[in-house]
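# An overview of the molecular structure
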Amino acid sequence: MKLNEVPTPAYVVDEAALEKNLKILKEVRNQAGCRILLAQKAFSMFAEYPRIAGYLDGCTASGLYEARLGWEEMGKENHVFCPAYRPEDIEEIASITDHVIFNSITQLKRYAGIVRKVHKERGIMHGIGLRINPECSTQDHAIYDPCAPGSRLGVTLDAFMRAVKEDETLPEYIDGFHFHTLCEQNSDALARTLKAVEEKFGVYLQSDRIHWLNMGGGHHITRADYDRDLLVNLVKHMKEMYQVEVYLEPGEAIALNAGYLVTEVMDIVENHGVQILILDASAACHMPDVLEMPYRPPLKDAGLPEEKKYRYRLSSCTCLAGDVIGDYSFDREIRIGDRLCFEDMAIYSMVKNNTFNGMPLPSIYGMDADGECILVRKFGYEDFKMRLS
C-alpha cells in the first residue's frame, strides 16, 4: 500500500531517505578516518539494523536493554554509557559490549575491574571509558544541556584532578574519554567544545594510556546546512594531535527527515473562534518531544499559523488538556476523515512513545524506494495490558 493508504496512526520509515543519510555518514567516516555508531536512544527500529550495519561501525546504548538489542540485532561494535550501572547487570553488560563508559569516578573504581576481567576473557582491549564534562554550554535548551552548572553528567576537571590526587593509580583504569554536549547542532559547536576539552583535558589525552576519544552525539551531520568539512578537519586534528581513535555516535542524523507519522482527523471542535482538529495521534503519547522541548513538527502540505487561508489547532483524543501539537494553516478546509502526515517522525518517536489513556501504539511500516509501505509491526490491546500489573 501507499503512504496515503496505511491504517492510522502509523509510523512510516522512508528507507530511501534513511539510506541517503547513511551514505553521507559513511563518506564522512571515510574522509575523517573515524568510526560512527548509531545512538539507539534516538532510533531503535531494529528491522533496519542490517541496512545501517552496511554503512556504520555499530551502535551505542544507554543501558542494558539497548546494549542487548544492539548485540542481538546489529552484531558489530557495541558501546554503552549509563549514568549509573546496577551491580547485578555489570557482568552481562561487559559480556556484550566493547566499550563500557562510566559517568563517575565512584562507578569507574567500583566496576572497572569486573569489566576488565570479562573483556580480557573475550579478547577485548582498551574498553573502559570515563565521561568527562568540559563545562562548555553551546545550546539554549536547558533540558538537553549536560554542561549546565549542577549537571549530573560527566566528570569535571576539578573533580578529576581531586580524584587523581587521592589515587595516583586512577589513570590506569581509563582507556578512553567520552563527552556528549551537543543537541541538533552544527560543527561550529563541536569546535568550541573541543577547544574546552583540549584546554582542560589535553594533558590527559596525551597519555599513552588513552586510546580513544568518543565525541558523543548531537551532530546534525546529514542536515543540509551542516559543515561536514569542518567536522572532518576537527576529527583529523584530534587523531593527529593525540594519536587516538575517534568515535561519533549520532542518533538523529541517521534517521533525520526519514520518517512520517500518519494520522486521521476524528473530529473538529470550536472554542473562542479556534478550530481544533482532534486526531488519532497524540503529542503526549506518540511524539513527546513536542511537549518536552517544546518542538513543532513539520506537517506535509501545511504552513505556519498565518501563512495559509485556513488555520487549525492540532490536538489529540487523550484527556490531557495540554496534549496540543500546535497551530497550522492549510490551503483548503480540513474535514473529518482527512489524513495528515507529520514529517521527521523517525527519531525520538517510537523510542519514547507510551500508552497513556490506553492510546494505541502506532503501527510501524517501512517504505521502499518505490513508495510501497510494508507492515513491520502492529500493536494491539495486549501491548497496552502487558505494561500494567
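The residue numbering used here restarts from 1 in each chain and proceeds along that chain's sequence as written. Only residues with pLDDT of 70 or above have their local features reported here, since the model is predicted, and side-chain atom pairs are shown and tallied only from 80 upward, although totals for entire chains, interfaces and linings are computed over all residues. The side-chain figures draw on all heavy atoms in the structure; neither hydrogens nor water molecules are used.

### Here we look at the overall build of the chain
What counts, and what does not: Starting at the N terminus, helices and strands are each numbered in turn, a helix being any DSSP run of H or I of at least four residues and a strand any DSSP run of E of at least two. For the radius of gyration, the atom set is restricted to C-alpha positions; the globular benchmark scales as 2.2 Å times the number of residues to the power 0.38. Three labels apply to residues, based on accessible area from a 1.4 Å probe with only protein chains included: buried if under 20% of the type maximum, exposed if over 50%, partly exposed otherwise in between. Two residues form a contact once any of their heavy atoms are found within 4.5 Å.
When helices and strands are counted, the chain shows twelve helices and 16 strands. Whereas a compact globule of 389 residues would reach a radius of gyration of roughly 21 Å, the chain reaches 23 Å, a difference of no more than 12%. Counting only C-alpha atoms and orienting by the principal axes, one finds that the chain spans roughly 70 × 40 × 40 Å. For the chain, with 389 residues in total, the buried portion stands at 54%. Within the chain, counting contacts between residues at least 6 apart in sequence, those at least 24 apart form 68% of the total.

### Remarks on the packing of helix H1 (residues 15–32) against helix H8 (residues 228–242)
Quick note on the threshold: Note on definitions: angles span 0 to 180 degrees between N-to-C directions of axes, and those axes are lines fitted to C-alpha atoms, for helices only across the stretch in contact. In this scheme the handedness of a crossing depends on how the near helix is turned from the far one: anticlockwise by less than a right angle means left-handed, clockwise means right-handed.
Across the interface, H1 lies against H8 with an axial gap of 9 Å and an inter-helix angle of 35°. For H1 against H8, the interelement crossing comes out right-handed. Two secondary-structure elements touch here, H1 through Ile24, Val28, Gln31 and Ala32 and H8 through Arg228, Leu231, Val232, Val235, Lys236 and Lys239.

### Considerations on a nonpolar patch on the surface
Quick note on the threshold: Like-charged residues are merged into a patch within 9 Å and nonpolar side chains (Val, Leu, Ile, Met, Phe, Trp, Tyr) within 5 Å, provided each residue has over 30% relative accessible area and no salt bridge. To be clear on the numbers: accessible area is Shrake-Rupley with a 1.4 Å probe, and residue cover counts the displayed protein chains and nothing else. The term salt bridge refers to a pairing of a side-chain nitrogen on Lys or Arg with a carboxyl oxygen on Asp or Glu at a separation within 4 Å.
Taken together, the side chains of Leu291, Leu320 and Phe356 make up a nonpolar region of the molecular surface, amounting to roughly 240 Å² of accessible area. By the element assignment, Leu291 lies in helix H11 (residues 289–292). Classification of Leu291 by relative accessible area gives partly exposed; the value is 37%.

### Some thoughts on the pairing of strand E13 (residues 324–330)
The condition is simple: Two strands are said to pair when DSSP picks up at least two bridges between them.
Here E13 lies mainly inside the structure; six of its seven residues are buried. Sheet topology note: the strand E12 (residues 310–316)/E13 ladder contains six bridges and is antiparallel. Counted as the bridge partner of Ser315 is Val324 from E13.

### Notes on the nonpolar core
Using the following cut-off: Nine residue types can take part in a nonpolar core, namely buried Ala, Val, Leu, Ile, Met, Phe, Trp, Tyr and Cys, and a core is a set of them joined through side-chain atoms within 4.5 Å.
Counting residues in each nonpolar core, the largest one holds 100 residues, and the members touching the most others are Phe43, Phe160, Leu314 and Phe342. Looking at this core element by element, the count peaks at seven residues for H1. Here Phe43 is in contact with Val13, Leu18, Leu38, Glu48, Tyr49, Ile52, Ala255, Ala346, Met350 and Val351, once residues within four sequence places are set aside. In this structure, Val12, Tyr260, Tyr365 and Met367 belong to the second largest nonpolar core, which totals ten residues.

### Here's the deal with the packing of aromatic side chains
Spelled out, the test is: Pairing of aromatic rings covers Phe, Tyr and Trp, the last through its six-membered ring, and needs centres within 6.5 Å; plane angles under 30 degrees mean stacked, over 60 mean edge-to-face, and all others mean tilted.
Counted according to the given criterion, the structure contains ten aromatic pairs. Between Trp212 and Tyr247, the ring centres sit 6.5 Å apart and the planes meet at 85°, which makes this aromatic pair edge-to-face. Taken together, the positions of Trp212 in strand E8 (residues 212–214) and Tyr247 in strand E9 (residues 245–248) put the pair 35 residues apart, joining distant regions of the chain. Side by side, Trp212 and Tyr247 carry an identical accessibility label, which is buried. Taken together, a centroid distance of 6.1 Å and an interplanar angle of 45° make the contact between Tyr381 and Phe384 tilted. Placement of the pair is Tyr381 and Phe384 together in helix H12 (residues 381–385), with a separation of three residues, close to one helical turn.

### So, the pattern of salt bridges
Tallied over the entire structure, the rule returns 25 salt bridges. Close ionic contact of Arg51 with Glu48 constitutes a salt bridge, the shortest N to O distance being 2.8 Å. Arg51 sits in the partly exposed class, given a relative accessible area of 25%. Shared partners join several salt bridges into a network, and the residues in it are Glu15, Glu19, Glu48 and Arg51.

In short, the description is geometric, and any link to function would need to be established separately.
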